[in-house]
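# Chain and residue survey
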There are 2 protein chains.
Amino acid sequence: MSQERVVQIQQRMAEQQLDAVVLYLAENIVLTSGFYVRIPGLGMIAVPREGQATLMVADYDLDRARRTWEGDLRTFTAVADTTGLEGPLTKNLQGLLGVGPSVDRFLREFAAEHGARGGRVGFEGSFEQVAPPILVEPNTVGLPTQEFLRATFETEALVDFTDALEDIRSVKLPHDLEKLAIADEIVRFGMDAFRAAATPGATEAEVRSAIESAICNRGHGYRGVETVRATCCVAAGDHLLSHGWNYPITGSRRIEDGDLVMVEMGTVVDGYWADTTRTLVAGRPGTELQREADAVVRAAIEAALATAVPGATGGEVDAAARGVCVASGLDGVYPHQTGHGTGFRYHEMRPNLVPKGSSVLREGMCLALEPAFYSEALGGGVRHEHNAYVTADGAVPFGSLDFPFDGP
Amino acid sequence: MSQERVVQIQQRMAEQQLDAVVLYLAENIVLTSGFYVRIPGLGMIAVPREGQATLMVADYDLDRARRTWEGDLRTFTAVADTTGLEGPLTKNLQGLLGVGPSVDRFLREFAAEHGARGGRVGFEGSFEQVAPPILVEPNTVGLPTQEFLRATFETEALVDFTDALEDIRSVKLPHDLEKLAIADEIVRFGMDAFRAAATPGATEAEVRSAIESAICNRGHGYRGVETVRATCCVAAGDHLLSHGWNYPITGSRRIEDGDLVMVEMGTVVDGYWADTTRTLVAGRPGTELQREADAVVRAAIEAALATAVPGATGGEVDAAARGVCVASGLDGVYPHQTGHGTGFRYHEMRPNLVPKGSSVLREGMCLALEPAFYSEALGGGVRHEHNAYVTADGAVPFGSLDFPFDGP
């Protein structure tokens, strides 16, 4: 991976007069280096004002890291040191995992070498939702890590660098879009399995398993992919209404003939995320009302895509999609956002596609578009969610928008 | 669920002279109320110095919350307000999701009512690993939430309450142990599937799917369980050595006759976690060395269980398990901890079972014990990991330690 993200970070550092930035979150390490951390906290990037950034990984991850990162790369002995350490609150997470001494030494040397000792150090202070590393237990940047940065840089000047990171990452580079396109292809293995499994008599849980299994089995090794995980919620019929319309909880309910069945799914492929939803009718063709709702939701996505040109606001995109739903005259609720950013996390904060939303779209932004209809008359809800990226001519979905509404 | 956890929290609050504590992390909400948050950040508990604690949940989760929580319960309108809000950095996570106004108002009233305005407010400042809510994208307590607490309580005195929470939660109450026993039973559905699937010719990914599917399909609805998710890494043969011995990454490698196959798995059942590992030999009986290593690892677990009495230190338990391995004379590495706490998160920080570890065991603590052997001569590694709880007579595993080492 090129050093383009490092250059972007250094430009923002100059604006904020920062002497160093240290990144610990899996999603920002993917952003900067392409490396997807395995164990929470066992990866770190230090970026100096100018010159090379350093990626530090566990020793056994050296080869993995080298595959994506061309810059300076160091390792620490992970966990092997653990045995002499303990205490959750007196050391930062790196220390907990036994890598304190080497990371500590490295950061002190880094600070000295780059004239950052006693300087202004940027950190990930405001990430209040985080993407898991491969092992699904995220690390966060809390008080111990902040104390660790103060100690190693001998400074009191920690500066929140979240805004700059959110801004930088909202625009995907060509190599990001390539990975996201692969992720979208893998998602479709799951959606094929969804269509095959969502038949009357199957439980919601069984449909979830079928989808996640298809993605696991076919995604590993697909086009060079190392690691894949899909996590989905599947709900059917009135479960869609009674149980929260946005993220229904998968249960042991059996699908009945004519049920609407919805899957909401987050899929991570080597650290890149897709956020997708599909809805179908099980066992027989949908009612006229259901088919109308399906058509309106699809038209709303098309309207959002066409409106999502560089310079448009999140509010304009939302209005386009919502307008189609309102104009249809169908009776139903659509209480949530039309969409949001995605790519380095299941749900990214920028852009935010909501009424009056002031986010301004830029070429390369990646959107998850998820207009919907929910009503009792409908027997649940219809939502389709596709990911797309902004081009000069509007947003382009990563794959076909086609998905048969009438289940098998 | 009883109010016993609230009483424990209030005792620690008195020691730290706190006027209020506000909890946002899914795992601490489970700890206190039994309620497992669905969408990150859409749940909160406010605990006053004395009197009733309040659980706030999204309106559509009212019935779910009432099933586990007998105390004061409020709701906010989730996401429906979202459409008028935006901006990731100017509001806390609750604000992002459109619930700012009602939570803001509630906390101000709460502060006034309980004399906590301008007082000392405890928060989750040092949780640097977090357990996901149902939707696998955890929230964290970053600068925006801290700013929100300062604003609503009109105070500058935020106090880190992590140490007290880690201490309280390390000892499981009877109702926790009941849930953890159910989780262990569900784990075994997955381990049965592991034995059936880990045959020569299957890919690591296929074995992973088989395990996770069995848990999903059979776990939902089992003994009243609402929601289940298993996430595992499966690796085989030299993959176990070349690719990181602790958390190998599942790949598309096909299992070969005589391979060691290992699954490391985190399973969450209504917010309660199990951390388990099993190893078997695929296709034919293990070599003499492999069988010896298997026997030694099992003996190490037994030694740890016997040593884990109230008052013992983490170091003593580690020494007991490690001593069995060393005494065996087998040549192999065992570079990681003997174990750690588990229950409210995949990996809890207390107690820490490492050499010289000073954690003191107490009755009711829940342990994940994971001694192991890894070596090239072995053809990979053997690890078994069982969860157990401390009683006056030593630790008792949640289920049988038996697991056939020779695969099908």
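Per chain, residue numbering runs from 1 following the sequence as it is written. Chain A is the first chain written and ligand 1 is the first ligand written, with later ones labelled in order. Reporting in this predicted model follows two pLDDT cut-offs: at least 70 for local features of residues, and 80 or more for side-chain atom pairs to be given and counted; totals over whole chains, interfaces and linings ignore these cut-offs and use all residues. Remark: hydrogens and water are excluded; side-chain values derive from all non-hydrogen atoms of the structure.

What follows covers the domain arrangement of chain A. Residues and elements named next belong to chain A. Annotation comment: domain bounds sourced from an automatic or database domain assignment. Looking at the assigned domains, one finds that chain A contains domain 1 (4-169) and domain 2 (171-397). Summarising the inter-unit geometry, the C-alpha centres of domain 1 and domain 2 are found 33 Å apart. Contact criterion: two residues are considered in contact whenever any of their non-hydrogen atoms come within 4.5 Å of each other. Taken together, the contacts link 21 residues of domain 1 with 18 residues of domain 2. Accessible-area loss on putting two parts together, using a 1.4 Å probe and summing over both, is the definition of buried area adopted here. Looking only at domain 1, the three residues that lose the most surface to domain 2 are Tyr36, Glu166 and Arg169, adding up to 31% of its buried area. Salt-bridge detection follows one rule: a side-chain nitrogen of Lys or Arg within 4 Å of a carboxyl oxygen of Asp or Glu. The interface formed by domain 1 and domain 2 holds eight salt bridges in total. As a salt-bridge pair, glutamate 226 and arginine 67 come within 3.5 Å of each other at their nearest N and O atoms. The term polar contact refers here to a pair of N or O atoms within 3.5 Å; inside protein, the definition further demands a hydrogen-donor-capable atom paired with an acceptor-capable atom, and it admits residues adjacent in sequence only when both atoms are side-chain atoms. Counting across the interface, domain 1 meets domain 2 through 11 residue pairs in polar contact (both at pLDDT 80 or more). Segments assigned H or I by DSSP are reported as helices when at least four residues long, segments assigned E as strands when at least two residues long, and all are numbered from the N terminus. The element that contributes the greatest number of residues to the side of domain 1 that touches domain 2 is helix H7 (residues 162-170), accounting for five residues. In this classification, Asp, Glu, Lys and Arg are treated as charged, Ala, Val, Leu, Ile, Met, Phe, Trp, Tyr, Cys and Pro as nonpolar, and every other residue, Gly included, as polar. Class assignment for the residues of the side of domain 1 that touches domain 2 results in 10 nonpolar, two polar and nine charged.

Quick look at the environment of alanine 320 of chain B now. Note on placement: alanine 320 of chain B falls in helix H12 (residues 314-327). Not counting residues up to four positions away in its chain, the partners in contact with alanine 320 of chain B are Ala303 and Thr307 of chain B.

Moving on: H7 of chain A. Residues that lie three or four places apart on an α-helix share one face, since the helix turns once every 3.6 residues. Of all nine residues that make up H7 of chain A, eight are buried, and the element is covered over most of its length. Turning to H7 of chain A, its buried residues number three or more, namely Thr162, Ala164, Leu165, Glu166, Asp167, Ile168, Arg169 and Ser170 of chain A. With a 1.4 Å probe rolled over the protein chains alone, any residue whose accessible area is under 20% of its type maximum counts as buried; one over 50% counts as exposed, and the rest are partly exposed.

Below, the discussion takes up the packing of aromatic side chains. The relation between two aromatic rings is expressed through the spacing of the ring centres and the mutual angle of the planes. Residue and element names in this part refer to chain A. The aromatic pairing rule takes the rings of Phe, Tyr and Trp, using the six-membered ring of Trp, and pairs them if the centres are within 6.5 Å, calling planes under 30 degrees apart stacked, those over 60 edge-to-face and the rest tilted. One pass over the full model with this rule turns up 14 aromatic pairs over all chains. A centroid spacing of 5.1 Å and a plane angle of 45° characterise the contact between tyrosine 389 and phenylalanine 398, whose relative ring orientation is tilted. According to the relative accessible area criterion, tyrosine 389 is partly exposed, its value standing at 24%. Judged by its relative accessible area of 17%, phenylalanine 398 falls in the buried class.

Let us now look at the pairing of strand S15 (residues 386-391) of chain A. Residues and elements named next belong to chain A. The buried fraction of S15 is high, at five of six residues. Bridge count for strand S12 (residues 366-369) against S15 is four bridges, and the pairing is antiparallel. From the neighbouring strand, alanine 368 faces S15, where its bridge partner is asparagine 387. We treat two strands as partners when DSSP finds at least two bridges between them. Alignment of S15 against strand S16 (residues 394-397), held across four bridges, turns out to be antiparallel.

With that out of the way, let us pick up the side chain of serine 170 of chain B. All names here are of chain B. Relative to the helices and strands, serine 170 resides in helix H7 (residues 162-170). Residue classification places serine 170 among the buried residues on the basis of a relative accessible area of 1%. Here the side chain of serine 170 touches aspartate 167 through a polar contact of 2.8 Å, landing on its backbone oxygen. Apart from the residues within four sequence positions on either side, serine 170 is in contact with Arg350, Arg362, Gly364, Met365 and Cys366.

All names here are of chain A. Looking at any residue, its pLDDT shows the predictor's confidence there, from 0 to 100. Summing up the model confidence of chain A, the mean pLDDT is 91 and the portion of residues at 70 or higher is 93%. This model gives residues 80-100 a pLDDT under 50, and the stretch forms 65 contacts once residues within four places in sequence are excluded. Under the prediction, the complex receives an ipTM of 0.95, its pTM being 0.95.

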